Protein chains: 2
Amino acid sequence: MPKQKTDILKAQTKTRAAAPKRQSSTAQLPTFNARIEGIEYGILDELTGYAVRRAQLSIYADFSASLGVYDITPQRFSSLVIVGNNPGISQTRLAEVMGIARSGVVAIIDNFEQAGLLERQDSGDRRSYNLHLTKEGQKQLEKYKLAVKEHDDRVSQQLSVKERQQLRALLGKLCIDPK
Amino acid sequence: MPKQKTDILKAQTKTRAAAPKRQSSTAQLPTFNARIEGIEYGILDELTGYAVRRAQLSIYADFSASLGVYDITPQRFSSLVIVGNNPGISQTRLAEVMGIARSGVVAIIDNFEQAGLLERQDSGDRRSYNLHLTKEGQKQLEKYKLAVKEHDDRVSQQLSVKERQQLRALLGKLCIDPK
DNA sequence: TATTGTTATACTCTATAACTATA
DNA sequence: TATAGTTATAGAGTATAACAATA
């Protein structure tokens, strides 16, 4: 088994402040920043990267407002979905998928394990764990998914279904090496 | 004049580690994460927000690799461009544009001022400053712009000019309240 | 009283490096 | 030796709240 964690450390999980709750997908968007009147953005308006960044900030603000009550961030939500869709995945592999260091997933998994949403199960190799959602984890994840879909629909409400697909397709072609 | 800052505090600016330099717009993309083979992404593939987030992470990685040598981040670059295009802007207004707290811009401006790229000039109101780029700041900004354009072109190289415009237009429609 | 810039403080996220227990 | 998970630590980034100077 991997190095045993002390109970003291396991106990010191931080509770985060709950954000104000949002009501429905028709509720007003916070629209964090986006575009300030009377400001010249110059070259920024021509950059793909700035457009993505600006969108990401606005989306993040709405995500936080929508799921803060559940103590869920985009990062945490993604972790749950990945584990849910790839049962038995290891922490190292999860770190790779999330694009963060291995050390970073420890806290994430600790947190979900303590909340009873996720389990570290034995793998053949005693150095590693197989990650699985618990029944409760699956149940909670379904709840989160509904909230995230509501959030995502609200954020994308000015786009048709076709445009949303188009947008995802265009985004997916970024940072691709032609080889 | 606003509260005077101590020289001690002014001196303790942090130097950041320079990232490895990149060569040209045809160089290989780091493509940070994007999409890991053999992983099921489930609902994440249907979400606008996740597509934006994933793109943003990849772009950020390339930006850092491209401009890390100059100690420039997207945030810092945006600040310079905004000040350059809106000479005389106040710190509070800049904070509003950047979507961060007023306290956050202090360090950013301190840093640029110490580097001689930017000046805090007197405004009519003695509580506030007018921010201006120095000659050196304008010169450096032009250099950064070239590097950022190269980076942005590399990141968008799989998209035609028309597709890039389309992408920016679609992103611009996100998080808009129909009212 | 209100506003601008500033400071102090704290919290989150992340990376690096060293450590342990296994392989 | 190499790998998986863990820990310690440090550095950005950000927010909140309080403060001084000024309006």
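Just so it is clear, the model here is predicted, and its values are computed rather than measured.

A. The overall build of chain A, seen in detail. Counting its secondary structure elements, chain A contains seven helices and two strands. Starting at the N terminus and walking to the C terminus, you meet the elements of chain A as α-α-α-α-α-β-β-α-α. Counting only residues that meet the buried cut, chain A has 43% of its 179 residues in that class. Roughly 9600 Å² of accessible area belongs to chain A as shown, and the carbon and sulfur atoms make up 51% of that amount.

B. Structural detail: helix α2 (residues 48-67) of chain B. For α2(B), built from 20 residues, the straight-helix expectation of 28 Å at 1.5 Å per residue is met to within 8% by its first-to-last C-alpha distance of 28 Å. Counting buried positions over the 20 residues of α2(B) gives 16, a clear majority of the element.

C. Main features of the relation of the copies chain A and chain B. Screw-axis analysis of chain A against chain B gives a translation of 0.0 Å along the axis, an RMSD of 0.0 Å, and a rotation angle of 180°. Such a combination of turn and shift is consistent with a two-fold rotation axis. With an isologous cut-off of 70% or more, the 100% of interface residues of chain A that recur at the interface of chain B puts this contact in the isologous class.

D. Summary view of the interface of chain A and chain B. Contacts between chain A and chain B engage 62 residues on the former and 62 residues on the latter. Carbon and sulfur atoms make up 64% of the surface buried where chain A meets chain B, a total of about 6100 Å² over both sides. Taken together, chain A and chain B are joined by four salt bridges. Salt-bridge contacts for B:Glu163 lead to A:Lys173; the nearest nitrogen and oxygen are separated by 3.4 Å. In this structure, the connection of chain A to chain B is made through 22 residue pairs in polar contact (both at pLDDT 80 or more). Put simply, the parts of the chain that give the side of chain A that touches chain B at least two residues each are α2 (48-67), α3 (74-85), α4 (91-98), α6 (135-155) and α7 (161-172) of chain A. Looking at which element gives the most residues to the side of chain A that touches chain B, the answer is α2(A), with 10 residues.

E. Quick peek at the pairing of strand β1 (residues 118-122) of chain B. All names here are of chain B. In terms of strand pairing, β1 meets strand β2 (residues 129-133) through five bridges, oriented antiparallel. The residue bridging glutamine 121 from the neighbouring strand is asparagine 130, located in β2. Hairpin connection between β1 and β2: a loop of six residues separates the two successive antiparallel strands.

F. Region of the structure containing the environment of A:Glu150. Relative to the helices and strands, A:Glu150 resides in helix α6. Between the C-alpha atoms of A:Glu150 and A:Phe63, which are 87 residues apart in sequence, the distance is 9.9 Å.

G. Summary view of the pattern of salt bridges. All told, the structure shown has 24 salt bridges over all chains when counted by the stated rule. Here B:Arg35 makes a salt bridge to B:Asp45, at a shortest N to O gap of 2.7 Å. Of this pair, B:Arg35 sits in the loop between α1 (7-11) and α2 while B:Asp45 sits in the loop between α1 and α2, and the two are 10 residues apart along the sequence. Taken together, the shared-partner salt bridges in this structure form one network comprising A:Arg35, A:Asp45 and A:Arg54.

H. Region of interest: the packing of aromatic side chains. All names here are of chain A. Taken as a whole and assessed by the stated rule, the structure comprises six aromatic pairs over all chains. Seen from their ring centres, tyrosine 70 and tyrosine 144 are 5.4 Å apart, and the 40° between their planes marks the pair as tilted. Taken together, the residues tyrosine 70 in the loop between α2 and α3 and tyrosine 144 in helix α6 connect sequence positions 74 residues apart. When its relative accessible area of 29% is taken as the criterion, tyrosine 70 is described as partly exposed. With relative accessibility at 6%, the residue tyrosine 144 sits in the buried group. Over the aromatic face of tyrosine 41 sits the side chain of arginine 54, whose NZ or CZ is 5.0 Å from the ring centroid.

I. Up close: the packing of α7(A) against helix α7 (residues 161-172) of chain B. Interaxial distance between α7(A) and α7(B) falls to 10 Å at its minimum, and their mutual angle equals 125°. One element, α7(A), and the other, α7(B), form an angle in the oblique class. The two elements α7(A) and α7(B) meet at a crossing, and its hand is left-handed. Packed against α7(A), whose contacting residues are A:Glu163, A:Gln166, A:Leu167, A:Leu170 and A:Leu171, the element α7(B) presents B:Glu163, B:Gln166, B:Leu167, B:Leu170 and B:Leu171 at the interface.

Criteria and cut-off values
- Residues numbered from 1 in each chain as written.
- Chains lettered and ligands numbered in written order.
- Predicted model: local features only at pLDDT ≥ 70, side-chain atom pairs only at ≥ 80, totals over all residues.
- Heavy atoms only, no water.
- Helix = DSSP H or I, 4+ residues; strand = E, 2+ residues; numbered from the N terminus.
- Buried < 20%, exposed > 50% of the residue type's maximum accessible area, 1.4 Å probe, protein only.
- Areas by Shrake-Rupley, 256 points an atom, 1.4 Å probe, with all protein chains shown as cover.
- Expected span 1.5 Å × (residues − 1).
- Least-squares fit on C-alpha atoms with pLDDT ≥ 70 in both.
- Contact = heavy atoms within 4.5 Å.
- Buried area = accessible area lost by both parts, 1.4 Å probe.
- Salt bridge = Lys/Arg side-chain N within 4 Å of Asp/Glu carboxyl O.
- Polar contact = N/O pair within 3.5 Å; in protein donor to acceptor, adjacent residues only side chain to side chain.
- Pairing = 2+ DSSP bridges.
- Phe/Tyr/Trp six-rings, centres within 6.5 Å; stacked < 30°, edge-to-face > 60°.
- Lys NZ or Arg CZ within 6 Å of the ring centre and 35° of its normal.
- Axes fitted to C-alpha atoms, helices over the stretch in contact; angles between N-to-C directions.
- Parallel < 35°, antiparallel > 145°, perpendicular 65-115°, else oblique.
- Left-handed = near helix turned anticlockwise from the far one by under 90°.

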